[in-house]
Amino acid sequence: MARVKILGSAAAEGIPAIFCNCRVCQEAWKNGGKDVRMRAAYQLSDRVRVDFGPDSLAQEYRFALHSENLRHLFITHSHEDHFYPSLLNYRKPGFSVVPEDNILKIYGNPGVIRQISLHFWEKNHAAFGGDYQKYRLQLVPLQLFQAVELPDDDMTFFPLLADHFYKDTEIPNIYAFRIGKSWGLIANDTGYYPDDTWRFLEEQKFVFDLVISDCTGGILDNSRGHHSGKYMLAVKERLQSIGSVIPGKTRYVINHFSHNGQATHAELEEHFTPHGLEVAYDGMEIEF
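To start, this report covers the structure provided alongside it. Computed from a prediction, not measured in an experiment: that's the story for all the values here.

## A look at the overall build of the protein
Then comes step 1: From N to C terminus, the protein includes 6 helices and 14 strands.
Then comes step 2: For 288 residues, the compact-globule estimate of 2.2 N^0.38 gives 19 Å, and the protein sits close to it at 18 Å.
Then comes step 3: Split into buried and exposed, the 288 residues of the protein put 56% on the buried side.
Then comes step 4: In the protein, of all internal contacts separated by at least 6 residues, the share reaching a separation of at least 24 is 70%.
Then comes step 5: In the form shown here, the protein has an accessible surface area of approximately 12900 Å², with 51% of it arising from carbon and sulfur atoms.
Then comes step 6: When the 29 positive and 37 negative side-chain charges of the protein are each reduced to one mean point, those points stand 2 Å apart.

Below is the structure:
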């Protein structure tokens, strides 16, 4: 049985959002619990995580994550709510005790790799490689649709193309992945999938035991960059039509919510549960 822990279930602003006095944020302050959301990230094991945003330290404290055990960090894209490279500074001797053989591999598209390089260039006033070993980091550039095998963890990852944003070298990813005999899809920060991704899914004939889907717009009907409402349901229907999602077998979880989606946790459940969807919350543990 595979497990994924949702460390955060919000979009970039968090909920309640900083500086905001909208109805959803007021309800979050009043209700607490599942209505309070940190930025989206996922723990797949003590050694493997997807995304590493500005709430990572708070998530570490709340969920006792022990990041000293982390060995593989898969990043979806370089937006700061999903990747906050300043936290990597604290792997340097003097800030933390990191043994020489404790290497953290960071997997990302060219834009992610470039952001890390620029970060350390500016910090050290020298080429990134010059101070590289001090941080015990190894950068692993990803190629779309090419498998990354983690044999020691019995995991496989496929970076797929997201419909999110494109600039310079950025190629945003969603991830199909295997843990043991179970298959999952983490697909936040994407609208309706690009044709290349649909083609790959159809060719590979994945049958997912778990899908975690973007629903940034909550009960609204958003289609590009992020999605929600009828467009999110259209993705689910197409996944069913190609055999990747099987009703009654696949757990289908929606995540990455914005306060601008105009719905509390209870309102999201009321709206989407009839469609066979589960609404994520911080700390949700999913077995599949």
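From this point, things continue past the structure.
## A look at the sheet that holds strand β13 (residues 278–279)
Then comes step 1: Across the sheet, 7 strands lie side by side as β7-β8-β9-β10-β11-β12-β13; this open sheet has mixed pairing. Each edge of the sheet is formed by a strand with only one pairing partner; in this case those strands are β7 (148–150) and β13.
Then comes step 2: Pairing of strand β10 (residues 182–187) with strand β11 (residues 210–214), which is carried by 4 bridges, proceeds in the parallel orientation. Along β11, the bridge assignment pairs G184 with L210.
Then comes step 3: Set on the sheet, helix α4 (residues 195–204) makes contact with β8 (155–161) and β9 (173–179); between it and β8 the angle comes to about 145 degrees.
Then comes step 4: The strands touched by helix α5 (residues 229–241) are β11 and β12 (251–255); relative to β12, the strand with the most contacts, the crossing angle is about 155 degrees.

## So, the sheet that holds strand β2 (residues 41–43)
Then comes step 1: Across the sheet, 7 strands lie side by side as β6-β5-β4-β3-β2-β1-β14; this open sheet has mixed pairing. Looking at the sheet topology across the chains shown, the edges are occupied by β6 (137–141) and β14 (285–287). Here the strands of the sheet are splayed against their neighbours by 20 degrees on average, with no regard to which way each runs.

So, how was this worked out
Residues numbered from 1 in each chain as written. Predicted model: local features only at pLDDT ≥ 70, side-chain atom pairs only at ≥ 80, totals over all residues. Heavy atoms only, no water. Helix = DSSP H or I, 4+ residues; strand = E, 2+ residues; numbered from the N terminus. Rg over C-alpha atoms; globule rule 2.2 N^0.38 Å. Buried < 20%, exposed > 50% of the residue type's maximum accessible area, 1.4 Å probe, protein only. Contact = heavy atoms within 4.5 Å. Areas by Shrake-Rupley, 256 points an atom, 1.4 Å probe, with all protein chains shown as cover. Lys, Arg positive; Asp, Glu negative; His and termini not counted. Charge placed at Lys NZ, Arg CZ, Asp CG, Glu CD. Pairing = 2+ DSSP bridges. Axes fitted to C-alpha atoms, helices over the stretch in contact; angles between N-to-C directions.

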